[in-house]
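Descriptive analysis of the structure
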Amino acid sequence: ETGVTQTPRHLVMGMTNKKSLKCEQHLGHNAMYWYKQSAKKPLELMFVYNFKEQTENNSVPSRFSPECPNSSHLFLHLHTLQPEDSALYLCASSQVGGLNEQFFGPGTRLTVL
Amino acid sequence: DQQVKQNSPSLSVQEGRISILNCDYTNSMFDYFLWYKKYPAEGPTFLISISSIKDKNEDGRFTVFLNKSAKHLSLHIVPSQPGDSAVYFCAASATSGTYKYIFGTGTRLKVLA
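Residues numbered from 1 in each chain as written. Chains lettered and ligands numbered in written order. Predicted model: local features only at pLDDT ≥ 70, side-chain atom pairs only at ≥ 80, totals over all residues. Heavy atoms only, no water.

Next up on the list: the pattern of salt bridges. Residues and elements named next belong to chain A. Across all of its chains, the model carries four salt bridges over all chains by this definition. Among the salt bridges present, the one from Asp85 reaches Arg63, with a minimum N-O distance of 2.7 Å. Of this pair, Asp85 sits in the loop between strand E8 (73-79) and strand E9 (87-94) while Arg63 sits in the loop between strand E6 (53-57) and strand E7 (64-70), placing them 22 residues apart in sequence. For Asp85, a relative accessible area of 2% translates into the label buried. (Salt bridge = Lys/Arg side-chain N within 4 Å of Asp/Glu carboxyl O. Helix = DSSP H or I, 4+ residues; strand = E, 2+ residues; numbered from the N terminus. Buried < 20%, exposed > 50% of the residue type's maximum accessible area, 1.4 Å probe, protein only.)

What follows is the structure, encoded as structure tokens:
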């Protein structure tokens, strides 16, 4: 595998389900990001991790819980989501510091029923 | 309030002609700008960037122009090719801040053969 991978690519869940999104980067980066892309809205930064430590939480509801066990892996745990949480969730990675280009995964298309 | 705006949701251009995609920003602290391209079912990929110390950056068929006084940047693609058909996102960051990128809503470019 190369670049940034995300699984699953598509996910349909009910409001009472618990699910997790997974992201893995094979680029040797030390910063990882979760973004949300809703229809006709800009990409919204959700969380930032630098060297496995969370450095940014962009006022994301607690029903989204990120986890970064190491610099290569990032998870987004989902619990009691709402239909308005349906969106494309993108993971990205980069080198820490400065204005480094972010490399994106293909995203997980999430539908909450 | 959106700090980065792409006011044209879509654009159609004939193959071989110039494509011009526009982006406006409101935060005068932004001093680094990027363009990303996104194909369906793929994550955004970095295309070209420009720092505020420049007013133009060129890479092959792609040129980005920055007008700081107008808080406006544009991406020119010459000549346009059918493979350029994608969604283009503009992003901005402030080097004095946390280096996070603020994205626009994207412009869907269709290059007609």
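And the narrative resumes.
What follows covers the state of the cysteines. Residue and element names in this part refer to chain A. Taken as a whole, this structure holds two disulfides over all chains when the rule is applied. The disulfide partner of Cys23 is Cys91, and the S-S distance across this bridge is 1.9 Å. Handedness here is read from the sign of the S-S torsion; for Cys23 and Cys91, about -70°, the answer is left-handed. Taken together, the residues Cys23 in strand E3 (residues 18-25) and Cys91 in strand E9 connect sequence positions 68 residues apart. (Disulfide = S-S within 2.5 Å.)

Our next topic: the environment of Ser86(A). All names here are of chain A. Among the structural elements, Ser86 can be located in the loop between E8 and E9. For the pair Ser86 and Val112, spaced 26 residues apart in the sequence, the C-alpha separation amounts to 5.4 Å. Leave out the neighbours within four places in its chain, and Ser86 touches Leu110, Thr111 and Val112. (Contact = heavy atoms within 4.5 Å.)

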